[in-house]
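If you want the building blocks of each chain, they are given just below.
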Amino acid sequence: MSYVVEMLNIRKEFPGVVANDDITLRLEKGEIHALLGENGAGKSTLMSILFGMYQPDRGTIRLNDKDVRISNPNVANDLGIGMVHQHFKLVENFTVTQNIVLGSESRKFGLVLDLKSASKRIEQLSKQYGLNVDPYAKIEDISVGMQQRVEILKMLYRNAEVLIFDEPTAVLTPQEIVELGKIMKNLIAEGKSIILITHKLKEIKALADRCTVIRRGKSIGTVEVAETSEATMAEMMVGRQVVFKVEKKPAAPGKRVLHVDNLSVKNSKKVLGLKNFSLDVHAGEIVGVAGVEGNGQTELVEAITGLLKAESGSIVFGEESITGSSIRERIEKGIGHIPEDRHKRGLVLDYSLEENMVLEVYRKRPFSRRGLLNKGAIRDYSAGIISSFDVRSGQGGQSIARSLSGGNQQKAIIGREIELNPDLLIAVQPTRGLDVGSIEYIHKRLIEQRDKGKAVLLVSLELEEIMNLSDRIAIVNGGELIGLVNAAETTENEIGLMMAGVKKGERA
Ligand SMILES: Nc1ncnc2c1ncn2[C@@H]1O[C@H](COP(=O)(O)OP(=O)(O)O)[C@@H](O)[C@H]1O
Ligand SMILES: [Mg+2]
């Protein structure tokens, strides 16, 4: 068998961590090869090596049976290797064509750019691969899904034969994910070869031919996807059996903790994002909010946590109205928040992990006394969270938050919020970007909060997560509550219809 790419015995060490330890990955021509591993397993590092962003400490890379040295991304491009990164590298106020041509022709030939013929070629590529991208559109005017396609076009424009996708579905809606799957199949049909980084087993099952699993920097093995169950791949990934179905007893709801009454909220664009919305959450229950992204979830959460103000209506927490309370007052009263945007609202990226773990409580005992910080207490408290939530980093509590992988940042925030043991925990997309092992753990901890008699409001775009965890499910559409159902008495289909705006009983 000859391979398009062979990465043999690759090693890469960062301060305090061996990110890749003797990893081997072989890519066949015309296959979609999944690279599966937990957060921090070393996937991005391995692909960054293939793309020339890092040099391996040891190991060889072979392309079509020849040894190569990929000293930087330009060399990778010239060798026919392209990569779509987790965070796109596009210039907002440039057009699609300008972005694609940037650093390509200009670098190679130093010619005045012929944007018109470039646009033609982009249009043609877009058609050939079913991408549906307008070469003249400005990046700032197109959706994230479209921006990703621009990144794909960038690779195709440079004649890439090997395409690397680093967790491409993390930023997409369910519909866009389906579209991306089709695009990948088109790419394969045209003879390209793909490496797909993901930790979603369903996606691997749907798209990939083979799958290489790495765990904590080491190769675990490569399997034929069609012959391997999701459970087996999950076990290879985390090193133990994973329970997919969440075990939980029936809820025993107690008194009302949160009462949202006829609430209307304007969003940052001054549009009413939430309209006359009412919902109660009781102690000892998980209420899930299901909906397509952008249907009022953000406004609801930000109004409850105090980030947005209510236009009308009220929010009662326990016995008290908190409609006009400050963010800090709400935290003090017992509202915990796992935010949607962990960079903007969750962590201070330039602080250490330790400092981040006490952001809300550092003024209190035992963390400060008479205005002085008690470093020892902070260290012990953080170490507890880091160990129970398995937050992996190079230098433990001393690591700068920015240096952690996204999934580990997420685990840190969740750990911090659960540790505060709030009467109401608002969990927004708590497992986005996490691998199955971490998802399982976080689900258990959310149910544990419920069983301790706490109220949990769960907002998620993953319908499966909502169905598995919630006792009751509120469905939002266009900023309104379109339905409220008992989880035990509904189906994914029924909720899916309501998410699309069809009220219960309205279906002909
Ligand atoms: N530039 C870097 N400097 C220091 N440590 C890094 C760097 N990039 C990654 N790491 C560490 O290497 C390990 C593997 O990270 P990464 O390859 O990003 O994992 P994955 O993509 O599988 O989530 C992690 O422990 C991460 O913290
Ligand atoms: Mg990664």
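Residues numbered from 1 in each chain as written. Chains lettered and ligands numbered in written order. Predicted model: local features only at pLDDT ≥ 70, side-chain atom pairs only at ≥ 80, totals over all residues. Heavy atoms only, no water.

*Asks:* Please explain the overall build of the protein chain as it appears in this structure.
*Replies:* Across its full length, the protein chain carries 18 helices and 22 strands. For 508 residues, the compact-globule formula gives about 23 Å, and the C-alpha radius of gyration of the protein chain, at 24 Å, lands near that figure. Dimensions along the principal axes, computed over C-alpha positions, put the protein chain at roughly 70 × 60 × 45 Å. Relative to its 508 residues, the protein chain shows a buried fraction of 51%. (Helix = DSSP H or I, 4+ residues; strand = E, 2+ residues; numbered from the N terminus. Rg over C-alpha atoms; globule rule 2.2 N^0.38 Å. Buried < 20%, exposed > 50% of the residue type's maximum accessible area, 1.4 Å probe, protein only.)

*Asks:* Just to check I follow, could you spell out the site of ligand 1 for this structure?
*Replies:* Contacts to ligand 1 come from 13 residues, most closely from Gly-40, Gly-42, Lys-43, Ser-44 and Thr-45. Here an oxygen atom of ligand 1 sits 2.7 Å away from a polar atom, N or O, in the main chain of Gly-40. Here Thr-45 contributes a side-chain N or O atom positioned 2.6 Å from an oxygen atom of ligand 1. Relative to its unbound accessible surface of 560 Å², ligand 1 loses 76% to contact with the protein. For the shell around ligand 1, a count of residues per class yields five nonpolar, six polar and two charged. (Near = heavy atom within 4 Å. Polar contact = N/O pair within 3.5 Å; in protein donor to acceptor, adjacent residues only side chain to side chain. Areas by Shrake-Rupley, 256 points an atom, 1.4 Å probe, with all protein chains shown as cover. Nonpolar A, V, L, I, M, F, W, Y, C, P; charged D, E, K, R; others polar.)

*Asks:* Could you clarify how one ought to interpret the pattern of salt bridges in this entry?
*Replies:* If the charged atoms of two oppositely charged side chains come close together, the side chains can form a pair. Evaluation of the coordinates by the stated rule reveals 30 salt bridges. Linking Asp-21 and Arg-11 is a salt bridge whose minimum nitrogen-to-oxygen distance equals 3.5 Å. Of this pair, Asp-21 sits in strand E2 (residues 17–27) while Arg-11 sits in strand E1 (residues 5–14), and the two are ten residues apart along the sequence. Take Asp-21: its relative accessible area is 21%, and that puts it in the partly exposed class. The exposure class of Arg-11 is buried, given its relative accessible area of 18%. (Salt bridge = Lys/Arg side-chain N within 4 Å of Asp/Glu carboxyl O.)

*Asks:* Which parts of the structure should I look at to understand the layout of surface pockets?
*Replies:* Take a probe with the size of a water molecule and roll it over the atoms, and the empty space left behind shows itself. In this model, the second largest pocket occupies a volume close to 400 Å³. Around the second largest pocket, the lining is made up of 18 residues, and of these Ile-327, Ile-331, His-337, Arg-345 and Glu-360 lie nearest the centre. Here the element with the most residues in the lining of the second largest pocket is helix H11 (residues 327–333); it accounts for four residues. In the lining of the second largest pocket, the residues fall into eight nonpolar, four polar and six charged. Here the lining of the second largest pocket spans two domains, since at least three of its residues come from each of domain 2 (243–334 + 422–508) and domain 3 (347–419). (1 Å grid on protein atoms, 1.4 Å probe; cavity = no way out; pocket = protein on both sides within 12 Å on 5 of 7 lines; lining within 4 Å. Points joined across faces, edges and corners; volume = space filled by probe spheres on them. Domains from an automatic or database assignment.)

*Asks:* When you look at the packing of aromatic side chains in this model, what are you seeing that I'm missing?
*Replies:* In total, this model carries three aromatic pairs according to the counting rule given. Aromatic pair Phe-367 and Tyr-381: ring centres 4.9 Å apart, planes at 65°, arrangement edge-to-face. One end of the pair, Phe-367, is in the loop between helix H13 (353–357) and strand E17 (368–369); the other, Tyr-381, is in helix H14 (residues 375–388), and 14 residues separate them in sequence. The residues Phe-367 and Tyr-381 share a single accessibility class, namely buried. Geometrically, the ring pair formed by Phe-389 and Tyr-441 is edge-to-face, given 5.3 Å between the ring centres and 80° between the ring planes. Here Phe-389 is found in the loop between H14 and helix H15 (406–419), whereas its partner Tyr-441 is found in helix H16 (residues 436–451), with 52 residues between them in sequence. Over the ring of Tyr-157 we find Arg-121; its NZ or CZ atom is 4.6 Å from the centre of that ring. (Phe/Tyr/Trp six-rings, centres within 6.5 Å; stacked < 30°, edge-to-face > 60°. Lys NZ or Arg CZ within 6 Å of the ring centre and 35° of its normal.)

*Asks:* Even after reading the chapter, I still don't get the packing of helix H6 (residues 144–157) against helix H7 (residues 174–189), so can you show me in this structure?
*Replies:* Helix-helix packing: each pair is described by the crossing angle between the helix axes and the interaxial distance. Packing of H6 against H7 leaves a shortest axis separation of 11 Å and a crossing angle of 15°. Our classification of the angle between H6 and H7 gives roughly parallel. Both H6 and H7 take part in a crossing whose hand is right-handed. On H7, the residues touching Gly-145, Gln-148, Arg-149, Ile-152 and Leu-156 of H6 are Glu-176, Glu-179, Leu-180, Ile-183 and Leu-187. (Axes fitted to C-alpha atoms, helices over the stretch in contact; angles between N-to-C directions. Parallel < 35°, antiparallel > 145°, perpendicular 65-115°, else oblique. Left-handed = near helix turned anticlockwise from the far one by under 90°. Contact = heavy atoms within 4.5 Å.)

*Asks:* So what exactly am I meant to see when it comes to the domain arrangement of the protein chain here?
*Replies:* Many analyses report the size of an interface as the accessible area lost when the parts associate. When the domains of the protein chain are assigned, the result is domain 1 (5–238), domain 2 (243–334 + 422–508) and domain 3 (347–419). The C-alpha centroid of domain 2 is placed 35 Å from the C-alpha centroid of domain 1. With 13 residues of domain 1 at the interface, the matching set in domain 2 holds eleven residues. Of the roughly 860 Å² buried where domain 1 meets domain 2, counting both sides, 55% is carbon and sulfur surface. Contact with domain 2 buries area across many residues of domain 1, yet Asn-39, His-199 and Lys-202 alone supply 36% of it, more than any other trio. Counting across the domain 1 and domain 2 interface gives two salt bridges. (Buried area = accessible area lost by both parts, 1.4 Å probe.)

*Asks:* Even after reading the chapter, I still don't get the pairing of E1, so can you show me in this structure?
*Replies:* Side-chain positions along a regular strand alternate between the two faces of the sheet. Where burial is concerned, most of E1 is hidden: seven out of the ten residues are buried. The pairing of E1 with strand E4 (residues 58–63) spans five bridges and is antiparallel. Across the sheet, residue Val-5 finds its bridge partner in E4, namely Leu-63. For E1 and E2, the ladder comprises eight bridges, and the chain directions are antiparallel. In the sheet register, Glu-6 faces E2, and the bridge partner there is Arg-26. (Pairing = 2+ DSSP bridges.)

*Asks:* Is there a simple way to think about the sheet that holds strand E11 (residues 256–266) in this case?
*Replies:* The pairing of strands in a sheet comes from backbone hydrogen bonds and takes either a parallel or an antiparallel form. Here we have four strands laid out as an open sheet, ordered E12-E11-E14-E15, and antiparallel in their pairing. Of all strands in the sheet, those bounded by a partner on one side alone are strand E12 (272–282) and strand E15 (320–321). For E11 and strand E14 (residues 310–317), the ladder comprises six bridges, and the chain directions are antiparallel. Bridged to His-259 within E14 is Val-316. Sheet strands in contact with helix H10 (residues 297–305) are E11, E12 and E14, and its direction is about 120° off that of E11.

*Asks:* Would you mind showing me how to read H16 here?
*Replies:* It helps to recall that an α-helix has 3.6 residues per turn; residues three or four apart then point in one direction. Counted at 1.5 Å a residue, the expected span for H16 with its 16 residues is 22 Å, and the 22 Å between its end C-alpha atoms agrees. Regarding H16, the residues found buried are Val-436, Gly-437, Ser-438, Glu-440, Ile-442, His-443, Arg-445, Leu-446, Ile-447, Gln-449 and Arg-450. In the stretch just after H16, Gly-453 is the one whose phi turns positive, near 90°. (Expected span 1.5 Å × (residues − 1).)

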